[in-house]
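# A look at the structure
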Amino acid sequence: MPLIYKSDLYFNPEDQYVNRLITIIAVLGLLLSSDLWHPMAVAEDKRPNILFIIVDDQSPFDLRVYSEDSTLQTPNINQLAADGMVFDAAHQMGAWTGAVCTSSRHMIMAGRPLWHVHNKPGRKGNPIISNVQHVPADLANFTIPAVFNRGGYATMRTCKKGNSFEAANALFKVRRDATKRGATDEDGSPWHAQQVLDYLDEREAVKEDDPFLIYFGFSHPHDTRDGRPELLAYYGAVNHADKNSLPAGNPRQPVLPGNYLPLHPFNNTHMNVRDEVAVSGVWKNRDEDTIRNELGREFACSENIDIQIGRVLKKLSAMGELENTYIFYTADHGMAIGRHGLQGKQNLYEHTFRVPLIVKGPGIKPGSRVLGNVYLLDTLATMCDLTGVAVPTTNQGISFKPVLEGKQDTVREVLYGCYCGGAKPGIRCVKKGDWKLLKYGSTNDRVQETQLFNLAENPHELIQEHHDPKVMALSGINPTLDQVNLANDSRYADKLAEMETLLLDEMRRQDDPYRLWNQPDDGLTQPKSLERAQKPGNKDRN
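Treat the numbers as computed from the prediction; the structure is a model and nothing was measured.

### Things to note about helix α15 (residues 493-509)
- An ideal rise of 1.5 Å per residue puts 24 Å on 17 residues; α15 measures up with 24 Å between its terminal C-alpha atoms.
- Of the residues making up α15, those classed as buried are L496, M499, E500, L502, L503, L504, E506 and M507.
- As for α15, its buried residues are in contact with β14 (414-419), β15 (425-432), β16 (435-442) and β17 (447-454).
- Two residues or fewer past α15, D511 is found with a positive phi of approximately 65°.

Printed below as a string of structure tokens:
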């Protein structure tokens, strides 16, 4: 009886079971070679891309996604939210420098918390930066571009220059950075979009099939907020540059924020930082006309960003890549612009501690909304989890993939925040559930302030100054009696004590090297400021 050799196995062709097996193999072979079913090809096709969009200086409350009464027009961002998931409690942990962007972008790149990342070369705002147990010397080799390069991804970056993790930025295979805050296509946000579009054209031309990770950053709406003339006109704003006059009022300008104040009621430990005294068009002014005009400028810049995002999404759709791409939209930190009488990002109120975060992609339920309780530093772990790329051993963030899959609503219960770019120890906050504690301490000016808020009842952290009839007339808000700082209300003494304990626990857990006036020193030698003093109006902008 003849034997047939096939694939190192010997079959008897007269055996009925063997014949059936041969038939099955033949059918499977036809299927595997056809377009109907090709498991390997499907697996390769479905290896997702990443488009990480990050803007510079944007409060979530500017966007209609977070504030229904906002007049900011962002149809593309709104569509991302409709097609994906919105996070209502996304945060950036804070900063040990007035250039908040620097620490934020280091944390994003490295997937590590505030006290465990580098500063810019030559700067030591983080006093434990030289301790390799806290901050690995070779950390750049475990950042987003390094990890995804090793994972077989084509990596590309466009963003502003400076105030970020330069050693990591240099590892993107394609890098096209420039600071673009002008009103023209070449000098503004369209330039960043064009770099992405050119890169995608180049991929098409060479038929590159590796999945991509694109870090799509914008220089706006950070000041100077020089908007396009037609967009400025829509929001009733002008590019005001005369320090000796105020901009004209215009009914088309955005209304004042509900937590607007003409003056912050106490020294928050860094009231002379550039953002509070030297932003062109605002300077130290907090009057209605100045703030509304600056918001109009910010909205004009933000709408232009939305237009540019739309250009890139249209290109991805035309390439057939849109549905196989995870898209993240966020900002490096929030922003005040009149809220609580502040202008910048050197604070820990919700408008600045929180960031917008929208994620769209395969498997994410359209129109979903979650709390999240995430930090931007969780992004690296999440991207790895979504793509199957190995998470680096240095990562300390938590993947929020289970949240994106609808399996859970949050990734942590407690959120810690720190700002100490000015006087030390600076500002600290802790959030759990509906409650938030903020503390302000300066050994130089003897600042000792405490705020306690129930965010469920007082989401915009209104304080007693918001009850002033003159302020109410400007903001249009009529606060309830309990919409105040509750730290000195005896009814909440137990809650205050609970939150104080929680804050100390988080400071210890996060390796915070400072302690506040009413905390044990834990045997720590309080470090002096190692950051270059930031003088009013200097050029250290982020």
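Continuing now.
### Regarding the nonpolar core
- Grouped together as the largest cluster of nonpolar side chains are 68 residues, with contacts concentrated most on F87, W115, F148, F328 and F400.
- Tallying contributions element by element places α15 first for this core, with five residues.
- When sequence neighbours within four positions are dropped, the list of residues in contact with F328 reads I50, L51, F52, I53, I358, V359, T379, T382, M383, L386 and F400.
- Listed in part, the 38 residues of the second largest apolar core include L197, A237, A300 and A331.

### Let's talk about the sheet that holds strand β8 (residues 174-175)
- Strand order in this open sheet of eight strands is β8-β7-β9-β3-β10-β11-β4-β12, and the pairing throughout is mixed. Two strands bound the open sheet, and with one partner strand each, they are β8 and β12 (368-370).
- By the bridge criterion, six bridges tie strand β3 (residues 49-56) to strand β9 (residues 212-221) in an arrangement that is parallel. Bridge pairing links D56 to P221 in β9.
- Helix α4 (residues 100-110) contacts β3, β7 (154-158) and β9 of the sheet and is inclined by roughly 170° relative to β3.
- Lying over the sheet, helix α12 (residues 379-387) contacts β3, β9 and β10 (325-331), oriented at roughly 170° with respect to β10.

Calculation criteria
Residues numbered from 1 in each chain as written. Predicted model: local features only at pLDDT ≥ 70, side-chain atom pairs only at ≥ 80, totals over all residues. Heavy atoms only, no water. Helix = DSSP H or I, 4+ residues; strand = E, 2+ residues; numbered from the N terminus. Expected span 1.5 Å × (residues − 1). Buried < 20%, exposed > 50% of the residue type's maximum accessible area, 1.4 Å probe, protein only. Contact = heavy atoms within 4.5 Å. Core = buried A, V, L, I, M, F, W, Y, C linked by side-chain atoms within 4.5 Å. Pairing = 2+ DSSP bridges. Axes fitted to C-alpha atoms, helices over the stretch in contact; angles between N-to-C directions.

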